[in-house]
Amino acid sequence: SQQGEEDPQALSIQEGENATMNCSYKTSINNLQWYRQNSGRGLVHLILIRSNEREKHSGRLRVTLDTSKKSSSLLITASRAADTASYFCAPTNSGGSNYKLTFGKGTLLTVNP
Amino acid sequence: DAGVIQSPRHEVTEMGQEVTLRCKPISGHNSLFWYRQTMMRGLELLIYFNNNVPIDDSGMPEDRFSAKMPNASFSTLKIQPSEPRDSAVYFCASSWQGNQPQHFGDGTRLSIL
């Protein structure tokens, strides 16, 4: 399995601004997933992008994937205070261990009202 | 629909005691995961079950840890004897298949005194 590394470690913005978080990984992937964790809660799946996709949207979320650079980005547009959370990326390998999500330290996003 | 249900939400006990954490996955999901989250080590996969069978227990830290899944709707993680370094938040997650997005419970916050 491989671990995604999120960048930056912390991000503080004003409500209404956009937030961009980045993820890098080391080897080829089957897909890459983004999760959110609110304080004191479990992780919530946000979006899954497959290795043959370059961009995916879900509401105010936009995820891009660049397999040549082994990187992904998560953009949250028009942020709200409720978006305050930690965000994790999880690349998954193809093959027998494709169930394995190895999480990094995450990006702590703070949206100030 | 009910999500993944974990119990108890909080557990405080003295070292040496047996601790049992419980999880009810989402109905119809055939994959179940136990994770541990600490500030130092982040989120770590402990064990993965598929169709009630343990597939990968390489993350189980020691023989003091054991996990069972007697049927498709129930799993336990047991620590015996418990030690202060076992203090962490333990999450259970389930998915329709091993490589699909995972649904997390809200965790059990375990404190070993």
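For the structure itself, look to the data block above.
Residues numbered from 1 in each chain as written. Chains lettered and ligands numbered in written order. Predicted model: local features only at pLDDT ≥ 70, side-chain atom pairs only at ≥ 80, totals over all residues. Heavy atoms only, no water.

Residue and element names in this part refer to chain B. In spatial order, the strands read 1-3-8-7; together these 4 strands make up an open sheet with antiparallel pairing. Of all the strands in the sheet, the pair left with one neighbour each is strand 1 (5–7) and strand 7 (65–71). Between one strand axis and the next, the sheet turns through 15° on average, direction left out of account. Alignment of strand 3 (residues 19–24) against strand 8 (residues 74–79), held across 5 bridges, turns out to be antiparallel. Bridged to Val-19 within strand 8 is Ile-79. (Pairing = 2+ DSSP bridges. Helix = DSSP H or I, 4+ residues; strand = E, 2+ residues; numbered from the N terminus. Axes fitted to C-alpha atoms, helices over the stretch in contact; angles between N-to-C directions.)

Each partner contributes residues to the interface: chain A has 17 residues there, and chain B has 22 residues. Together, the buried faces of chain A and chain B total about 1,600 Å²; carbon and sulfur atoms form 48% of this surface. If you look at where chain A meets chain B, you find 2 salt bridges. A salt bridge links Lys100(A) to Asp56(B); the shortest N-O distance between them is 3.4 Å. On the surface where chain A and chain B come into contact, there are 8 residue pairs in polar contact (both at pLDDT 80 or more). At the level of elements, strand 4 (31–37) and strand 5 (43–50) of chain A are the ones that each hand at least two residues to the side of chain A that touches chain B. No other element matches strand 4 of chain A, which puts 4 residues into the side of chain A that touches chain B. The residue inventory of the side of chain A that touches chain B, partitioned by class, reads 7 nonpolar, 7 polar and 3 charged. (Contact = heavy atoms within 4.5 Å. Buried area = accessible area lost by both parts, 1.4 Å probe. Salt bridge = Lys/Arg side-chain N within 4 Å of Asp/Glu carboxyl O. Polar contact = N/O pair within 3.5 Å; in protein donor to acceptor, adjacent residues only side chain to side chain. Nonpolar A, V, L, I, M, F, W, Y, C, P; charged D, E, K, R; others polar.)

So, on to the sheet that holds strand 10 (residues 107–112) of chain A. Residues and elements named next belong to chain A. Read from one edge to the other, the open sheet built from 5 strands follows the order 2-10-9-4-5, with strand pairing classed as mixed. Either end of the sheet is taken by a strand with one partner, and the two such strands are strand 2 (10–14) and strand 5. Each strand of the sheet is rotated relative to its neighbour by a mean of 25°, with strand direction disregarded. Of the pairings in the sheet, the one linking strand 2 to strand 10 comprises 5 bridges and is parallel in character. For Ile-13, the partnering residue across the bridge sits in strand 10 and is Val-111.

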